[in-house]
Amino acid sequence: MSKIIPSLSKMWLKVINLEKSLFPQLQASIGPLSPKEEKLMRILDFAEIERFVSNVQITNPPKDRLEMARAFIAKQVYNLQTTRALIDRLKVDKNLRLLCGWRHHKELPSESKFSRVFDELSQYKIANKAHDAFIKSYLSETLFFYNSTDSTAIEQREKPIKKEKPKKVKQKRGRPKKGEVRAVKEPSILEQQKEMGTAKEMLSIISTNCDVGIKQNSKGNRHKWIGGKLHLGVVDGDIPITAIYSSASVHDSSLALPVIKETSRKITYLYDLADAAYNADIIEAFSKQNHHECIIDINPKNSKELKEKIEGEKKLIELGFSTSKSNHYNHRSSVERVNAYLKDNFGCKNIYYQGVTKVSSVLSFAVLSVCIHQSLKLVT
């Protein structure tokens, strides 16, 4: 496990209070709690979602808003895919219903009301605010070693937006003639982003529309899907710090700078780790500019020398020899594990919502839950 220099006494004291005070009270009133219910209770207690729900200012706020916000966290923790499945579970599971705030199944709102409130919570980015607040309260003073960046495909049941293919202008070979003006090549996304000061500016040029993505895995197999991508910045302990949603067709490297920028703003860490898709001088320079050591796998492209160098390093590792760089790079697997947690255990395998706002919100509730759950492992 990666080494961490912790400053987690505040979290530890709260966990002790939960174990000695809240859990016995709950068990006395509703009976013994299952491991899943204890897990949900810890996540709800640390998420403090009520702090952000109560700040929503609209005319005639609907009843049960707080209860439904807690229920949407429960939806991800219980690995439920749809609102309908959540309501069905609440009707038959008394303890889950009580943990969310309803005493009787007749008090549960209708599916349409759940949908309306989820839309409001998504518009106000409630889960994102709770995630940022948790990191600021419990993780901002902790020194982490590694921040691993990667993306994962998010499949949606939505019609992709058709893109107009840009017209290719054939460039004449050789030097331009006297007086001839040739089209200037547009700067890449990375070239534009390196001149920007904030992550918000960097993200303003990133598409979030539903479209078609193609990704090749380490074995050379190509995966094609309709939907988007979730880009993560994950630190030691498999804790997701930054999560950004984009279109499926957006290249992984296009989100590297905003992920590094946001993660650096929230916590302190030493190394940036990424696979060969992020092999770019701009990314390495930006990482060093933010006071990190950058370790990115080499993308050989068409270089025969680089391919031979990579094969030589692989053979050395197989023989038991490892370099300092390879030892650090091995910790990049944390981001792959978080991708698996989200899809296998926290309700992100099949997303039936439509629209970037709602899809992003489902992912944000899941990332919030994983962040708290994994952070608690540091003190328990």
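Cut-offs used in this document
Residues numbered from 1 in each chain as written. Predicted model: local features only at pLDDT ≥ 70, side-chain atom pairs only at ≥ 80, totals over all residues. Heavy atoms only, no water. Helix = DSSP H or I, 4+ residues; strand = E, 2+ residues; numbered from the N terminus. Buried < 20%, exposed > 50% of the residue type's maximum accessible area, 1.4 Å probe, protein only. Contact = heavy atoms within 4.5 Å. Areas by Shrake-Rupley, 256 points an atom, 1.4 Å probe, with all protein chains shown as cover. Expected span 1.5 Å × (residues − 1). Pairing = 2+ DSSP bridges. Right-handed = clockwise from strand over helix to strand, strands pointing away. pLDDT = per-residue confidence, 0-100. Phe/Tyr/Trp six-rings, centres within 6.5 Å; stacked < 30°, edge-to-face > 60°.

Things to note about the overall build of the chain
Scanning the chain from N- to C-terminus turns up 16 helices and six strands. Looking at the chain residue by residue over its 380 residues, the buried ones come to 46%. For the chain, restricting intrachain contacts to residue pairs at least 6 apart in sequence, the fraction spanning at least 24 positions comes to 70%. About 21100 Å² of surface is accessible on the chain, with carbon and sulfur atoms providing 50% of the total.

Overview of helix H7 (residues 111–123)
Given a rise of 1.5 Å per residue, 13 residues ought to cover 18 Å, and the 18 Å separating the end C-alpha atoms of H7 matches this to within 8%. Residues of H7 that are buried: Lys-113, Phe-114, Val-117, Phe-118, Leu-121 and Ser-122. The inward-facing, buried residues of H7 contact helix H3 (50–53), helix H4 (65–77), helix H5 (83–92), helix H8 (126–138) and helix H16 (356–376). Following H7 by one or two positions, Lys-125 has its phi on the positive side, about 50°.

A short note on the pairing of strand S6 (residues 293–296)
In this structure, strand S5 (residues 268–274) lies alongside S6, joined through four bridges in parallel fashion. Each bridged residue has a counterpart across the sheet, and for Tyr-271 the counterpart in S6 is Glu-293. In terms of handedness, the path from S5 via helix H12 (residues 281–289) over to S6 forms a crossover that is right-handed.

Some thoughts on the confidence of the model for the chain
Model confidence for the chain is summarised by a mean pLDDT of 85, while 84% of its residues fall at 70 or above. Low pLDDT (under 50) marks residues 1–6, which in the prediction has 15 contacts with non-local residues, meaning those over four places away or in another chain.

Re the packing of aromatic side chains
Using the criterion set out here, one finds eleven aromatic pairs in the structure. Here the aromatic rings of Trp-102 and Phe-114 are separated by 6.0 Å at their centres, their planes lie at 55°, and the arrangement is tilted. Linking Trp-102 in the loop between helix H6 (94–100) and H7 with Phe-114 in helix H7, this pair joins segments that are twelve residues apart in sequence. The burial state of Trp-102 is the same as that of Phe-114; both residues are buried. Considering the side-chain rings of Phe-145 and Tyr-146, the 5.9 Å spacing of their centres and the 65° angle between planes classify their relative orientation as edge-to-face. The class of Phe-145 is partly exposed, set by a relative accessible area of 22%. For Tyr-146, a relative accessible area of 6% gives the class buried.

Points about unusual backbone geometry
If you check the backbone angles, Lys-125 has positive phi at about 50° while not being a glycine. Within the element layout of this structure, Lys-125 appears in the loop between H7 and H8. In this structure Lys-125 comes out as exposed when scored by relative accessible area, which is 52%. In the Ramachandran plot, His-291 falls in the positive-phi region, its phi being about 70° despite a non-glycine side chain.

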